[in-house]
Structures are given as structure tokens and as C-alpha cells.
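Spelled out, the chains give:
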Protein chains: 2
Amino acid sequence: MGFREHLEEMVHSVDGAVAASVMGFDGIAIDTVDVSANGTGDVDIQTMLVEYTNILSQLRQAAEVLESGKVTELSIGTEKLTTLARALTDEYFAVLAVAPEANLGKARYVLRINAPKIKAEL
Amino acid sequence: MGFREHLEEMVHSVDGAVAASVMGFDGIAIDTVDVSANGTGDVDIQTMLVEYTNILSQLRQAAEVLESGKVTELSIGTEKLTTLARALTDEYFAVLAVAPEANLGKARYVLRINAPKIKAEL
């Protein structure tokens, strides 16, 4: 399986999932499965991912200064969308975005079990 | 009850909780219960909260641009600490920091049920 299959598996495993992506910390997506047309249609997922990558990069720098260890996981909840991100390597991370009413525990779990599978394909 | 009681209640309700705080988006804490001396002692909680406030403020700006609705919740996981933040008003937010091995679902729940109580005291 390639990235895409894992991304599709993540999106299909969680009710209310809107998008899954493998992103570089430079803000460039390797691959994205975006089914937001089915739901939270007015949020521009691609632009959001770039903005969040920027935030995640800053967090990594902050974590270094704070000596709090590497950033492993990030979750950002807004009124329209909850976005989970999980570091894969020093260069890439995986993202799963879900509707606010989705089961966040399930989404976190699905992202966690798929992360090593995606990492193995990098 | 004042802020402090709610913050103490949060810290005592979650095994592995390290600190709880009510912060302004300007990075100034109203009150903080910090029991990190018991555990994750080498992370400077106060400095971390200021750094994370900065990140949260940027997220709020990004959310406005992205039209994804207000930022309601943020969770940042590092190797040494997981920090949950929840918006209370446009000026203040509540924070609960826990050890990585703590029950994150419980921490999220405790923060969620205490947030309106803290808000009522603002």
C-alpha cells in the first residue's frame, strides 16, 4: 500500500472525517485525501494545512527552547473542524481533520495506528 | 469558589496532572497551580505557558482568515508533557498540563467541565 491507501483508510475509519494528509514541515503536502465537499465545505482544507504547518514548526522551535522534548502530537479544535497532527519524522507529519462532533478519541487512535504505516512508506 | 479552587480541583482530578492555569491571551497568567516539582520538573511551566499563548494567539488569527470558526480547544503533546487549552472568553483561556502517560480523555473532560465554572468567576 502507498500513502493514499492509508490516508483513505483513516478518512473512512472515522465518522465525520473530512481530510487526511501527509505533509512536510515546509508546508508542502505529499498527498491529501479531502472529502470536505461532503461536509465542512466552507473551510479551505489546503490553506488550513499550510497555516497549521506554520504553527507546528513554531511549536517545534518552542519545544526546543523549553526543553520539553519533541512535539509528538497537536490537536486544534475550532467551531467547524478539529485537526489532529502527528509527527512522523523530522521532516514529515500526518494529519487527520474531523468534524467537531466526531469521536476525537477514535480519530486520535486511528491516526496513531496509521502513523507508523505511513512512516514505513516514506 | 474562586479560580484557584477550580484549578486545584482540575489538577487533583487527573492522575499525572502537572499544572492548571487561567491565562490571558496577552500571555499573562491570572492564576496558576503548578505541581510540576512532583514530576516533569525540568520543564519550565511558566515559560511554556507564555510560548503556547503566543501560538494560540496566532491560531486565533489563522482561524479568522480560514473562516473555520473560533478556536475552542488546543492540545500540544511533547515527549515530556501534554498541554490542553480551552478558550473561556475572547480574553482568557484555561490550561491543564499533564504527563504524556496521563489519561488524555479524562484531562479533556475535566478541563471541559471546569471551564464554565472558571468562566463564571471572570
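This structure is a prediction, so every number in the text was calculated from the model and none was measured. (Residues numbered from 1 in each chain as written. Chains lettered and ligands numbered in written order. Predicted model: local features only at pLDDT ≥ 70, side-chain atom pairs only at ≥ 80, totals over all residues. Heavy atoms only, no water.)

1. Focus: the pattern of salt bridges
So, point 1. Applying the stated criterion across every chain yields a total of 12 salt bridges over all chains.
So, point 2. A single network of salt bridges, built from pairs that share partners, joins Arg4, Glu8 and Asp31 of chain A. (Salt bridge = Lys/Arg side-chain N within 4 Å of Asp/Glu carboxyl O.)

2. Quick word on helix α2 (residues 45-66) of chain A
In an α-helix, one full turn covers 3.6 residues, which means residues spaced three or four apart are oriented alike.
All names here are of chain A.
So, point 1. With 22 residues, α2 extends 30 Å from end C-alpha to end C-alpha; this agrees with the ideal 32 Å at 1.5 Å per step.
So, point 2. Residues of α2 that are buried: Ile45, Met48, Leu49, Tyr52, Thr53, Ile55, Leu56, Ser57, Leu59, Ala62, Ala63 and Leu66.
So, point 3. For α2, the N-terminal capping position is held by Asp44, with its side-chain oxygen 3.2 Å away from the main-chain nitrogen of Gln46.
So, point 4. One or two positions beyond α2, positive phi appears at Glu67, with a value near 55°. (Helix = DSSP H or I, 4+ residues; strand = E, 2+ residues; numbered from the N terminus. Expected span 1.5 Å × (residues − 1). Buried < 20%, exposed > 50% of the residue type's maximum accessible area, 1.4 Å probe, protein only. Polar contact = N/O pair within 3.5 Å; in protein donor to acceptor, adjacent residues only side chain to side chain.)

3. Looking at the packing of aromatic side chains
Residue and element names in this part refer to chain A.
So, point 1. This structure, assessed with the given rule, holds 2 aromatic pairs over all chains.
So, point 2. Aromatic pair Phe25 and Phe93: ring centres 4.9 Å apart, planes at 40°, arrangement tilted. Here Phe93 lies in strand β5 (residues 92-98) and Phe25 lies in the loop between β1 (17-24) and β2 (29-34), a separation of 68 residues in the sequence.
So, point 3. Looking at Phe93, the relative accessible area reads 3%, which means it is buried.
So, point 4. Across the ring face of Phe25, the terminal group of Arg60 is positioned such that the distance to the ring centre comes to 3.5 Å. (Phe/Tyr/Trp six-rings, centres within 6.5 Å; stacked < 30°, edge-to-face > 60°. Lys NZ or Arg CZ within 6 Å of the ring centre and 35° of its normal.)

4. Observations regarding the relation of the copies chain A and chain B
So, point 1. Once chain A has been moved 0.0 Å along the axis and rotated by 180°, it coincides with chain B to within an RMSD of 0.0 Å. Here the copies are linked by what is in effect a two-fold axis. Among all C-alpha atoms of chain A, that of Ser75 of chain A lies closest to the rotation axis, at 2.4 Å.
So, point 2. Taken as a fraction of all interface residues of chain A, those also at the interface in chain B reach 100%, which identifies the copy contact as same-surface. (Least-squares fit on C-alpha atoms with pLDDT ≥ 70 in both. Contact = heavy atoms within 4.5 Å.)

5. Quick look at the confidence of the model for chain A
So, point 1. Mean pLDDT over chain A works out to 91, with 95% of the residues at or above the 70 mark.
So, point 2. Reported confidences for the modelled complex are a pTM of 0.91 and an ipTM of 0.89. (pLDDT = per-residue confidence, 0-100.)

6. Digging into the nonpolar core
So, point 1. Of all hydrophobic cores here, the largest spans 46 residues; its most connected members are Leu56, Leu59 and Leu74 of chain A together with Leu56, Leu59 and Leu74 of chain B.
So, point 2. Elements that contribute at least two residues to this core include exactly β1, α2, β3 (71-78) and β5 of chain A together with β1 (17-24), α2 (45-66), β3 (71-78) and β5 (92-98) of chain B.
So, point 3. Apart from the residues lying within four places of it in its own chain, the contact partners of Leu59 of chain A are Val71 and Leu74 of chain A together with Tyr52, Ile55 and Ile76 of chain B. (Core = buried A, V, L, I, M, F, W, Y, C linked by side-chain atoms within 4.5 Å.)

7. A closer look at the layout of surface pockets
So, point 1. Approximately 340 Å³ is the volume found for the largest pocket.
So, point 2. Lining the largest pocket we find 14 residues, and of these Arg60, Lys70, Val71, Ala87 and Asp90 of chain A sit closest to its centre.
So, point 3. Breaking the lining of the largest pocket down by element, the ones donating at least two residues are α2, β3 and β4 (82-87) of chain A.
So, point 4. Top element by residues in the lining of the largest pocket is α2 of chain A. It accounts for 3 residues.
So, point 5. Counted by class, the lining of the largest pocket contains 5 nonpolar, 3 polar and 6 charged residues.
So, point 6. If you add up the space inside the second largest pocket, you get close to 280 Å³.
So, point 7. Taken together, Arg60, Ala63, Glu64, Gly69, Lys70, Val71, Thr72, Arg86, Ala87, Leu88, Thr89 and Asp90 of chain B make up the lining of the second largest pocket.
So, point 8. Mapped onto the lining of the second largest pocket, the elements with two or more residues apiece are α2, β3 and β4 (82-87) of chain B.
So, point 9. If you tally residues by element for the lining of the second largest pocket, the top one is α2 of chain B, at 3 residues. (1 Å grid on protein atoms, 1.4 Å probe; cavity = no way out; pocket = protein on both sides within 12 Å on 5 of 7 lines; lining within 4 Å. Points joined across faces, edges and corners; volume = space filled by probe spheres on them. Nonpolar A, V, L, I, M, F, W, Y, C, P; charged D, E, K, R; others polar.)

8. Here we look at the environment of Ala99 of chain A
All names here are of chain A.
So, point 1. Looking at the secondary structure, you find Ala99 in the loop between β5 and α3 (104-121).
So, point 2. Since its relative accessible area comes to 10%, Ala99 is described here as buried.
So, point 3. Between the C-alpha atom of Ala99 and that of Ile30, which follows or precedes it by 69 residues, the distance is 23 Å.
So, point 4. In this structure, Ala99 is in contact with Gly16 and Val18, ignoring residues within four places of it in sequence.

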